Amino acid sequence: MAIKRWFEWIAPLGVTGGLACLIADIDPSMLLISPTTVSGFALLVVGCCCGLVHFVSLRRSVKALSRQSNELAAGPSEARQRLVSSDDLLGELVTSFNDALGSAERHTKDALSATKELQIQLKVATSQRRQAEAIIHSIDDAVLVTDRFDEVLLANDSASRALGFDKVEAQRRPVDRVVNDPQLVGMIRDVRLGKAANERRVIEHRVRRNGQDRIYRVTLSNIRDSQGESGGVVSVLHDSTREIEIARMKNDFVSSVSHELRTPLASIRAYVEMLIDGEADDEKTRREFHDIIMAESVRLGRLIDNILNISRIESGLLEIKRIPLSVTVVCKEALDVISSQAKLRNVKIEEQLEPAFYQTLADKDMLYQAVLNLLSNAVKYTPSGGTVTLRTMVDESAKKVAVRIIDTGVGIPAKDLPFVFDKFFRVEANKNVAKGTGLGLSLVKNIIETVHKGTMVVTSEQGKGSSFGFELDLC
Amino acid sequence: MSDTAQKTVLIADDESHILNVVSLKLKNAGFRVLCARDGNEALEMALAEKPDLLITDYHMPGLNGLEVASRLRQSETCRNIPAILLSARGYNLNEADVRESGIRMQISKPFSPRNLLGLVNEALGIAA
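Predicted model, so just to flag it, every value in this text is computed and none were measured. (Residues numbered from 1 in each chain as written. Chains lettered and ligands numbered in written order. Predicted model: local features only at pLDDT ≥ 70, side-chain atom pairs only at ≥ 80, totals over all residues.)

S.K.: Mind showing me how you'd approach the overall build of chain A here?
M.R.: Secondary structure assignment for chain A yields twelve helices and 14 strands. Looking at chain A residue by residue over its 475 residues, the buried ones come to 25%. Sequence-distant contacts in chain A: of pairs separated by 6 or more residues, those separated by 24 or more amount to 57%. (Helix = DSSP H or I, 4+ residues; strand = E, 2+ residues; numbered from the N terminus. Buried ≥ 20, exposed ≤ 12 C-beta atoms within 10 Å, placed from the backbone. Contact = placed C-beta atoms within 7 Å.)

Spelled out as structure tokens, the structure:
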């Protein structure tokens, strides 16, 4: 049985770069037979050696390439730099491959860098957006942001409260279905469409919510993109109801103070001129004129004191001198002053005073002013024929003294009662009954509660009368 | 002052001191003087007595001075009664409202009784 051996060689075929595989089916008995066979075989061996050298070189290159590929696949590396380029075709391939790899690696690095930068920018932008939203949600002003389709992009709590909608449900819904205020919706649309004269429009707008009118200063701003197209409208509603009310009250106050100052001054001037012109014929009339001038001067002084004291108490600049004194004595002094005013108006004064024995620690001038103001109010707002009662009550066990000034006057509507101690406040229904500045009761409350740590009390029934008073600690 | 003897002036003011001093000044000048302490009383008195002149405060209980003057203008018999507004001017009166009420003369408090008398004479066409 013939023994056959298989020889397999792989050899390079010159500069063409091709490879030849010699696979011979050789009978071993033929190897030692003829020179021709030997020389042919030698040629084959040389060829094979050359092929072997190329094969080893190629194998090294491929292995190196493979290793680098693996390293590249594992992550960026400098392996490519260690690859030795050869001057054969495979070397060119490797060089070309290396160049492509280098370019890809540069692009990858650039892309990674750009990605990182974008990620940072995104984080910053997200953080800034959250901050802006937090600010918008935390401010008292109502903020409503609508897009170019008039859909709600953002609304804060104040906006949902002011305009009466659910801010979560409002998201991405048409503003005219969210805000039940056709006038405001129309203004938003006008500003977005550029119908308003300016990109920014400020208007005063009245909103009725829960049966109450609120006045808002609405600022509508058209937000344009880089192409000049409207990107939407930012509407900011500032509730200026209270500011307008304060401005009105201050205006009323200036008018009232001006009137109140001019009235006693008018009497003083007129009576002095009458005296100068000799219009008072007899001594009795002249004395009467002197008394009027004196009384009106005191009235003027008291008014100025009221105005100044209230501002001093509020600013904490008033010097307070507390001494043990009898509330009854202070009440009697105030009654002496008010009795002539009561007599002129035909109002009866009744005294129900505790003995002067009981004392409280108080500033005499201020307590006197408080009692006088309450008495003066009671007389002013009690029609002719009515009664004003001044009562003091002592509770020895609780160590308290209470003062009550009760009148049979016009009374105060229940809705106005919580505001009677507010500065400048005047009961609308009673404005025609008597003149006033709206400062007297505010001053009394400051004197009793801020200065003396006492308690003010008031009850009233419209058409029947009022009871004002306070309680202080005994000493 | 014989030409003032028949002239009647109605004064309306809720400040009794002002009412008294104006009243005395005009009485001393020879006028017949009527006094009202609020707007409603002034209107009633004017309609009943048909004075030659009304001097009225603005801010009074009941009707204010402008309302009194306006009501008089609506009356057939009292529409030509001239009126002087004697006010403390603390309130921001609308000048159009003042004209509408028929009031053509104003004097503000504090005032000079002497000047007021001059104005009364002027309104009634009396030579000083």
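S.K.: Help me understand the overall build of chain B, please; the structure alone is not making it clear to me.
M.R.: Helix and strand counts for chain B come out as five helices and five strands. From first element to last, N terminus to C terminus, chain B shows the α and β order β-α-β-α-β-α-β-α-β-α. Of all 128 residues assigned to chain B, the portion counted as buried reaches 42%. A separation threshold of at least 6 residues defines the contact pool for chain B, and within that pool the share at least 24 residues apart is 62%.

S.K.: Is there a simple way to explain the sheet that holds strand β1 (residues 8-12) of chain B in this structure?
M.R.: Strands in a sheet are paired, the pairing made by backbone hydrogen bonds, and the direction either parallel or antiparallel. Residue and element names in this part refer to chain B. Strand order in the open sheet made by the five strands is β2-β1-β3-β4-β5, with parallel pairing throughout. In this open sheet, the two edge strands, each paired with only one partner strand, are β2 (32-36) and β5 (105-108). Adjacent strand axes in the sheet meet at a mean angle of 20 degrees, parallel and antiparallel pairs treated alike. The pairing of β1 with strand β3 (residues 53-56) spans four bridges and is classified as parallel. Residue pairing across strands places I11 opposite I55, the latter belonging to β3. (Pairing = 2+ DSSP bridges. Axes fitted to C-alpha atoms, helices over the stretch in contact; angles between N-to-C directions.)

S.K.: Sorry, what's going on with the environment of S258 of chain A here?
M.R.: All names here are of chain A. Looking at the element boundaries, S258 is found in helix α8 (residues 241-276). A count of 16 C-beta atoms within 10 Å places S258 in the partly exposed class. Distance in space between the C-alpha atoms of S258 and T437 is 9.1 Å, their sequence separation being 179 residues.

S.K.: When you look at α8 of chain A in this model, what are you seeing that I'm missing?
M.R.: The periodicity of an α-helix, 3.6 residues per turn, causes residues three or four positions apart to be oriented the same way. The end-to-end C-alpha distance of α8 of chain A is 52 Å, a good match for the 52 Å that 36 residues give at a rise of 1.5 Å each. Contacts made by the buried residues of α8 of chain A are with α9 (283-315) of chain A together with α1 (16-28) and α5 (113-123) of chain B. (Expected span 1.5 Å × (residues − 1).)

S.K.: Please clarify how the interface of chain B and chain A should be interpreted in this entry.
M.R.: By a widely used convention, the size of an interface equals the accessible area lost when the partners come together. Taken together, the contacts link 21 residues of chain B with 22 residues of chain A. At the level of secondary structure, the elements contributing two or more residues to the side of chain B that touches chain A comprise α1 and α5 of chain B. The biggest single contributor to the side of chain B that touches chain A is α1 of chain B, with seven residues. Grouping the amino acids of the side of chain B that touches chain A by side-chain chemistry returns nine nonpolar, eight polar and four charged. (Nonpolar A, V, L, I, M, F, W, Y, C, P; charged D, E, K, R; others polar.)

S.K.: I'm lost on unusual backbone geometry in this one. Help?
M.R.: Excluding glycine, a negative phi dihedral is what most residues carry, and trans is how most peptide bonds are arranged. A cis amide bond links K109 of chain B to the next residue, P110 of chain B, at an omega of -5 degrees. When you line up the elements, P110 of chain B lands in the loop between β5 and α5. With phi around 60 degrees, N346 of chain A is a residue other than glycine that occupies positive phi space. As for its placement among the helices and strands, N346 of chain A is situated in the loop between α10 (327-344) and β9 (348-352). With a phi angle near 55 degrees, K453 of chain A is a residue other than glycine that sits in the positive phi range. Residue position: K453 of chain A is located in the loop between α12 (440-451) and β13 (455-461).

S.K.: Help me understand the pairing of strand β14 (residues 465-473) of chain A in this model?
M.R.: Remark: a regular strand shows side chains that alternate across the two faces of the sheet. Residue and element names in this part refer to chain A. In this sheet, β14 lies alongside strand β12 (residues 400-407) in antiparallel orientation, the contact comprising seven bridges. By the bridge assignment, V401 is partnered in β14 with L472. Hairpin connection between β13 and β14: a loop of three residues separates the two successive antiparallel strands, and G463 in this loop has a positive phi of roughly 90 degrees.

S.K.: Help me out: how do you make sense of the pairing of β9 of chain A in this one?
M.R.: Residue and element names in this part refer to chain A. Counted residue by residue, β9 has zero buried out of five residues, so it is predominantly exposed. Examined bridge by bridge, β9 and strand β11 (residues 387-395) share five bridges and lie parallel to one another. Each residue of the ladder has a partner; that of Q352, found in β11, is R391.

S.K.: Please explain the confidence of the model for chain A as it appears in this structure.
M.R.: Low pLDDT means the predicted coordinates in that region are not meant to be read closely. Looking at chain A, pLDDT values average 84 and 84% of them are 70 or higher. Across residues 1-27 of chain A, confidence stays below pLDDT 50; counting only partners more than four residues off in sequence or on other chains, it has 32 contacts. (pLDDT = per-residue confidence, 0-100.)

S.K.: Sorry if this is basic, but what is going on with the confidence of the model for chain B here?
M.R.: Residue and element names in this part refer to chain B. Residues of chain B with pLDDT of at least 70 account for 92%, and the chain-wide mean is 89. Across chain B, element-level confidence peaks in β1 with a mean pLDDT of 97 and bottoms out in helix α4 (residues 95-100) with 85. Scored as a complex, the prediction yields pTM 0.56 and ipTM 0.91.

S.K.: Mind showing me how you'd approach the sheet that holds β11 of chain A here?
M.R.: Residue and element names in this part refer to chain A. Sheet architecture is open: five strands sit in the order β9-β11-β12-β14-β13, paired in mixed fashion. At either margin of the open sheet sits one strand with a lone partner, and together these are β9 and β13. Shown here is a sheet whose adjacent strand axes are inclined to one another by a mean of 15 degrees, direction ignored. When β11 meets β12, the two strands line up antiparallel, connected through eight bridges. In the strand pairing of β12, T389 is matched with I406.

S.K.: Looking at this model, I keep getting lost on the nonpolar core. Mind explaining?
M.R.: It is characteristic of soluble globular proteins that their nonpolar side chains tend to be buried jointly. V9, L10, L54 and I55 of chain B are the most contacted members of the largest nonpolar core, which has 40 residues in total. Those elements giving two or more residues to this core turn out to be α8 and α9 of chain A together with β1, α1, α2 (39-49), β3, α3 (65-74) and β4 (83-87) of chain B. Here the element with the most residues in this core is α1 of chain B; it accounts for five residues. Dropping the residues within four chain positions of it, L10 of chain B is found in contact with L34, A36, A42, M45, A46, E49, P51 and L54 of chain B. (Core = buried A, V, L, I, M, F, W, Y, C linked by C-beta atoms within 7 Å.)

S.K.: Would you explain α2 of chain B in this entry?
M.R.: Residue and element names in this part refer to chain B. The set of residues buried in α2 consists of G39, E41, A42, L43 and A46. Structurally, α2 contributes buried residues whose contacts are with β1, β2, β3 and α3. Where α2 ends, the next residue or the one after it, K50, has phi of about 45 degrees, a positive value.

S.K.: Sorry, what's going on with the packing of α1 of chain B against α5 of chain B here?
M.R.: Each pair of packed helices can be summarised by the angle the axes make with each other and by the distance between the axes. All names here are of chain B. Put simply, α1 and α5 touch, their axes get as near as 10 Å, and they point 60 degrees apart. By the angle between their directions, the pair α1 and α5 is classed as oblique. The handedness of the crossing between α1 and α5 comes out as right-handed. In contact with V21, V22, K25 and L26 of α1, α5 contributes P113, L116, L117 and V120. Of the residues that constitute the contact of α1 with α5, the class distribution is seven nonpolar, no polar and one charged. (Parallel < 35°, antiparallel > 145°, perpendicular 65-115°, else oblique. Left-handed = near helix turned anticlockwise from the far one by under 90°.)

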